[in-house]
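Overview (structure and organization)
Residues per chain are reported as follows:
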Amino acid sequence: MIPRTYAQWRHCITVECGIPLSADFIAQRLAVWRNPELEETQRFRRLYGDAHWQAVQGWLVHAAQEQKSAAAEPPLAASAQQTS
């Protein structure tokens, strides 16, 4: 199945493929997908089309933003102590 949404793509990567969406993984994949001269990128575009190629780039950016948001939030225990 080719993912059509961010949730489907995230599930495919993290659950079905067992790949953690780490900052390093995201940066590495974006570096490849953002370079249209690379054979890997060209092959992906031929197989899945430009719309999916662009969607995957957007999903990687979304995953990176989720990580940044999660890192900026205080841990639950710390936020509970602040309200006491």
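A brief look at the structure comes next. Quantities reported herein were computed from a predicted structural model and do not represent experimental measurements.

**Quick word on the layout of surface pockets**
Its boundaries defined by the atoms lining it, the largest pocket holds a volume of some 280 Å³. Every element with two or more residues in the lining of the largest pocket is listed here: helix 1 (6-16), helix 2 (23-33), helix 3 (39-48) and helix 4 (50-72). Of the residues assigned to the lining of the largest pocket, the class counts are 14 nonpolar, one polar and one charged.

**A closer look at the nonpolar core**
Counting 15 residues, the largest nonpolar core has Trp9, Leu21, Ile26, Trp33, Val56, Leu60 and Ala63 as its most contacted members. Beyond its immediate stretch of four places on either side in the chain, isoleucine 26 contacts Leu21, Leu60, Ala63, Ala64 and Gln67.

**Some points on the packing of helix 2 against helix 3**
Between two packed helices, the angle of one axis relative to the other and the distance separating the axes together describe the packing. Closest axis-to-axis distance for the helix 2/helix 3 pair is 8 Å, and the angle between their directions is 80 degrees. In this view, helix 2 runs roughly perpendicular relative to helix 3, as classed from their interaxial angle. Contact with helix 2, carried on its side by Arg29, Val32 and Trp33, involves Glu40, Thr41 and Phe44 of helix 3 and no other residues of that element. Considering only residue class, the contact of helix 2 with helix 3 consists of three nonpolar, one polar and two charged.

**A few points about a nonpolar patch on the surface**
A contiguous nonpolar surface patch, about 300 Å² in accessible area, is contributed by Ile2, Leu47 and Tyr48. The residue leucine 47 is located in helix 3 in this model.

**Some words on the packing of helix 1 against helix 4**
Between helix 1 and helix 4, the least distance of the axes is 10 Å, while the angle of their chain directions is 80 degrees. With respect to each other, helix 1 and helix 4 are oriented roughly perpendicular. On the side of helix 1, the interface is formed by Tyr6, Trp9 and Arg10, while helix 4 contributes Val56, Trp59, Leu60, His62, Ala63 and Glu66. Here the contact of helix 1 with helix 4 is composed, by residue class, of six nonpolar, one polar and two charged.

**A look at the environment of isoleucine 2**
Within the secondary structure, isoleucine 2 is located in the segment before helix 1. Judged by relative accessible area, which is 37%, isoleucine 2 ranks as partly exposed. Taking the C-alpha atoms as reference, isoleucine 2 lies 9.0 Å from cysteine 12; in sequence the two are ten residues apart. With sequence-adjacent residues up to four places away left out, isoleucine 2 is seen in contact with Tyr48 and His52.

**Here we look at the packing of aromatic side chains**
Under the counting rule described, the total for this entry stands at four aromatic pairs. By way of ring pairs, the aromatic residues Tyr6, Trp9 and Trp59 are connected into one cluster. Positioned over the ring face of tryptophan 33 is arginine 29, at 4.7 Å from the centre of the ring. Of note, arginine 45 hangs over the ring of tryptophan 53, and the distance from its end group to the ring centre comes to 3.8 Å.

Thresholds applied
- Residues numbered from 1 in each chain as written.
- Predicted model: local features only at pLDDT ≥ 70, side-chain atom pairs only at ≥ 80, totals over all residues.
- Heavy atoms only, no water.
- 1 Å grid on protein atoms, 1.4 Å probe; cavity = no way out; pocket = protein on both sides within 12 Å on 5 of 7 lines; lining within 4 Å.
- Points joined across faces, edges and corners; volume = space filled by probe spheres on them.
- Helix = DSSP H or I, 4+ residues; strand = E, 2+ residues; numbered from the N terminus.
- Nonpolar A, V, L, I, M, F, W, Y, C, P; charged D, E, K, R; others polar.
- Core = buried A, V, L, I, M, F, W, Y, C linked by side-chain atoms within 4.5 Å.
- Buried < 20%, exposed > 50% of the residue type's maximum accessible area, 1.4 Å probe, protein only.
- Contact = heavy atoms within 4.5 Å.
- Axes fitted to C-alpha atoms, helices over the stretch in contact; angles between N-to-C directions.
- Parallel < 35°, antiparallel > 145°, perpendicular 65-115°, else oblique.
- Patch = residues over 30% accessible without salt bridge, like charges linked within 9 Å, V, L, I, M, F, W, Y side chains within 5 Å.
- Areas by Shrake-Rupley, 256 points an atom, 1.4 Å probe, with all protein chains shown as cover.
- Salt bridge = Lys/Arg side-chain N within 4 Å of Asp/Glu carboxyl O.
- Phe/Tyr/Trp six-rings, centres within 6.5 Å; stacked < 30°, edge-to-face > 60°.
- Lys NZ or Arg CZ within 6 Å of the ring centre and 35° of its normal.

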